[in-house]
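# Chain and residue survey
Chain residues, written in single-letter form:
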Amino acid sequence: MDSGARFGQSWEADPGEPTWTGTETAVKEQRVEEWDDDTLVLGIETSCDETSAAVVRGGRDILSNVIASQTELHGEYGGVVPEIAARAHVEALTPAIRESLLQADATFWDLDAVAVTLGPGLIGSLLVGVAEAKSIAAVLDIPFVGVNHLEAHIYSNFLGNHTVKWPAVVLLISGGHTMLVHARGHGDYEFLGGTLDDAAGEAFDKVARFLGLDYPGGPEIDRLSLLGNPDAVRFPRSMVGEAGFDVSYSGLKTSVINHVRKTEAAGEEVNVADIAASFQQAVVDIEVAKTMSAVDQTMVDAVFLCGGVAANSGLRTGLEKACLDRSITLHCPAIELCTDNAAMVAACGTVLLRRGIYTSLEAAPDPNLPLL
Ligand code: KG4
Ligand code: ZN
């Protein structure tokens, strides 16, 4: 499916878009080099609970990446409250954009394009970013590029990294999504499998909440895991022995809850660090097993890890070891680029721009925008 259809918007193809010759592999490598230029793009991300604005040069060099987190606002509710998130974006976005330009030592007039997350995400939150991005693009008369948040996560791997090459197996693992994708080139993705119920980050957050930890729970479990024994409780690794690339987290979550309740009912002490470490180990084992079978099937020699849960120390170490064993390359973004940020939106927008893909100012955000 081409990007226009994928995004459900009308796109104008750049008449100057280059045509490629040679083998398929050569084409893909050539394309990666193609966007290594001086294009200056302002990225805007407001899909969930981070207000972020970034200035990125050539799709790779981060000149600024300002992130205003709303964690404290949502913490007392144990999860993101959509109405509060949208209002907070309204307050934080303009100052974040100003700050991103200041840090980049750039002005609005230096910008070549504005890229913004068009979806998926919370509709009220998306609307704030999209409206502001459209206004800036219209006033400056520069291209407006709507970006898929999931595709932007993939591009976090290209930031500051000039050695990344397609094809790869992408493990996109966040609070809202968990999927394995065979990425052959820019916009050339094949869905291999994903969660049948909770996203991995959602499971981290729910288990953490049950254990009485702060929101967001993923980083809390990660920290606590370092103090616990990952072999203390053998939680189920459901679907690991099965064919295909789907995973399921609802059984694992329930199993943690049942274990804690049983321990308490027996009058025994609940060792929260051991439970956190054992839960995290189960997630790592599931994801490493499925990612490596995807590598075996697709015969790629690189894995791109991305999404908020890509910040998890156990997952990074587990995948690093597995990739080393197979002599393939693991690319992981810097920790601060795993969770939602506008630099990845600008990076993705730059590639779309180079491919001649622009978005109409009529385009509306789509809370359910699929990757493919
Ligand atoms: O990508 P992201 O910022 O937002 C979505 O697009 O969903 O991901 C947020 C998710 C949350 O569920 C959070 O708990 C999880 O990423 N997360 C982590 C870690 N850091 C963030 N999960 C496990 N370990 C971490 N270190
Ligand atoms: Zn995200």
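Note that the structure is predicted; figures quoted are calculated from it, not measured. (Residues numbered from 1 in each chain as written. Chains lettered and ligands numbered in written order. Predicted model: local features only at pLDDT ≥ 70, side-chain atom pairs only at ≥ 80, totals over all residues. Heavy atoms only, no water.)

Right, let's get into the environment of Gly58. Within the secondary structure, Gly58 is located in the loop between strand 2 (50-57) and strand 3 (61-69). Between the C-alpha atoms of Gly58 and Leu305, which are 247 residues apart in sequence, the distance is 22 Å. (Helix = DSSP H or I, 4+ residues; strand = E, 2+ residues; numbered from the N terminus.)

With that settled, the discussion passes to the site of ligand 1. Lining the immediate environment of ligand 1, one finds 19 residues, of which Gly175, Asp205, Asp222, Asn312 and Asp340 sit closest. Separating an oxygen atom of ligand 1 from a backbone N or O atom of Gly201 is a distance of 3.2 Å. In this structure, an oxygen atom belonging to ligand 1 sits 3.0 Å away from a main-chain N or O atom of Gly308. For ligand 1, whose accessible area on its own is 550 Å², the fraction buried by protein is 89%. Where the shell around ligand 1 is concerned, the elements lending two or more residues are helix 6 (149-155), helix 7 (200-210) and helix 8 (217-225). Considering only residue class, the shell around ligand 1 consists of five nonpolar, eleven polar and three charged. Looking at which domains feed residues into the shell around ligand 1, each of domain 1 (13-159 + 339-359) and domain 2 (168-332) gives three or more. (Near = heavy atom within 4 Å. Polar contact = N/O pair within 3.5 Å; in protein donor to acceptor, adjacent residues only side chain to side chain. Areas by Shrake-Rupley, 256 points an atom, 1.4 Å probe, with all protein chains shown as cover. Nonpolar A, V, L, I, M, F, W, Y, C, P; charged D, E, K, R; others polar. Domains from an automatic or database assignment.)

We now examine the coordination of the zinc ion (ligand 2). Each angle at a metal carrying four tetrahedral donors should ideally be 109.5 degrees, and each at a metal carrying six octahedral donors should ideally be 90 or 180 degrees. Looking at the zinc ion (ligand 2), one finds its protein donor set to be His149 (NE2), His153 (NE2) and Asp340 (OD), positioned 2.0 to 2.1 Å from the metal centre. As a motif over one chain, the donors of the zinc ion (ligand 2) read H-x3-H-x186-D. Residue His149 and its partner His153 are located together in helix 6, separated by four residues, close to a single helical turn. The pair His149 / His153 is uniform in exposure class, with both members buried. (Donors = N, O, S within 2.8 Å, 3.2 Å for Na, K, Ca; no water. Buried < 20%, exposed > 50% of the residue type's maximum accessible area, 1.4 Å probe, protein only.)

On to unusual backbone geometry. Cis geometry marks the peptide bond from Gly119 to Pro120, where omega comes out at -10 degrees. Position of Pro120 among the secondary structure elements: in the loop between strand 4 (113-119) and helix 5 (123-140). Residue Trp166 is joined to Pro167 through a cis peptide bond whose omega torsion reads -5 degrees. Considering the arrangement of structural elements, one finds Pro167 in the loop between helix 6 and strand 6 (168-173). If you check the backbone angles, Asp141 has positive phi at about 55 degrees while not being a glycine. Considering the arrangement of structural elements, one finds Asp141 in the loop between helix 5 and strand 5 (144-148). Classification of Asp141 as exposed rests on a relative accessible area of 69%. The phi angle at Met299 is positive, at roughly 60 degrees, despite the residue not being glycine. For Met299, the position within the fold is in the loop between helix 10 (272-298) and strand 9 (302-306). Owing to a relative accessible area of 73%, Met299 belongs among the exposed residues under this scheme.

Often, the extent of an interface is quoted as the loss of accessible area upon association of its parts. Here the chain is described as being made up of domain 1 (13-159 + 339-359) and domain 2 (168-332). In this structure, domain 1 and domain 2 have C-alpha centres spaced 27 Å apart. Taken together, the contact pairs 24 residues of domain 1 with 20 residues of domain 2. Across the interface of domain 1 and domain 2, roughly 1700 Å² is buried in total on both sides, 64% from carbon and sulfur atoms. Interface area lost by domain 1 to domain 2 is led by Leu150, Ile154 and Asn157, which between them contribute 32%. (Contact = heavy atoms within 4.5 Å. Buried area = accessible area lost by both parts, 1.4 Å probe.)

A few words now on the sheet that holds strand 3. Spatially, 3-2-1-4-5 is the arrangement adopted by the five strands of the open sheet, whose pairing is mixed. The open sheet terminates on both sides in strands that have one partner only, identified here as strand 3 and strand 5. Across the sheet, the mean angle from the axis of one strand to that of its neighbour is 20 degrees, orientation sign disregarded. Where strand 1 (residues 40-45) lies against strand 4, four bridges are found, and the strand directions are parallel. Paired with Ile44 across the two strands is Val116, which belongs to strand 4. The strands touched by helix 5 within the sheet are strand 1, strand 4 and strand 5, with strand 4 carrying the most contacts at an inclination of about 160 degrees. Together, strand 1, strand 2, strand 3, strand 4 and strand 5 form the strand contacts of helix 13 (residues 342-354), whose direction differs from that of strand 1 by roughly 130 degrees. (Pairing = 2+ DSSP bridges. Axes fitted to C-alpha atoms, helices over the stretch in contact; angles between N-to-C directions.)

On to the pattern of salt bridges, then. Using the criterion set out here, one finds nine salt bridges in the structure. Put simply, Glu220 and Arg223 hold a salt bridge, and the shortest N to O gap is 2.6 Å. Residue Glu220 and its partner Arg223 are both found in helix 8; the two are separated by three residues, about one turn of the helix. Among the salt bridges present, the one from Asp285 reaches Arg237, with a minimum N-O distance of 2.8 Å. In this pair, Asp285 is assigned in helix 10 and Arg237 in the loop between helix 8 and helix 9 (250-265), connecting sequence segments 48 residues apart. Given a relative accessible area of 17%, Arg237 falls into the buried group. Ionic contacts of the salt-bridge type, sharing partners, join the residues Asp198, Glu202, Lys206 and Lys253 into one network. (Salt bridge = Lys/Arg side-chain N within 4 Å of Asp/Glu carboxyl O.)

With 16 residues, helix 9 should reach 22 Å at 1.5 Å per residue; the first-to-last C-alpha distance of 22 Å fits that figure. Residues of helix 9 that are buried: Leu252, Lys253, Ser255, Val256, Val260 and Thr263. Along the long axis of helix 9, the arc covered by the buried residues comes to 160 degrees, so they all point the same way. Residues of helix 9 that are exposed and angled more than 90 degrees away from the buried face: Lys262 and Ala265. At its buried positions, helix 9 is contacted by helix 7 and helix 10. One or two steps after helix 9, the chain reaches Gly267, where phi turns positive at roughly 75 degrees. (Expected span 1.5 Å × (residues − 1). Arc of directions from axis to C-beta.)

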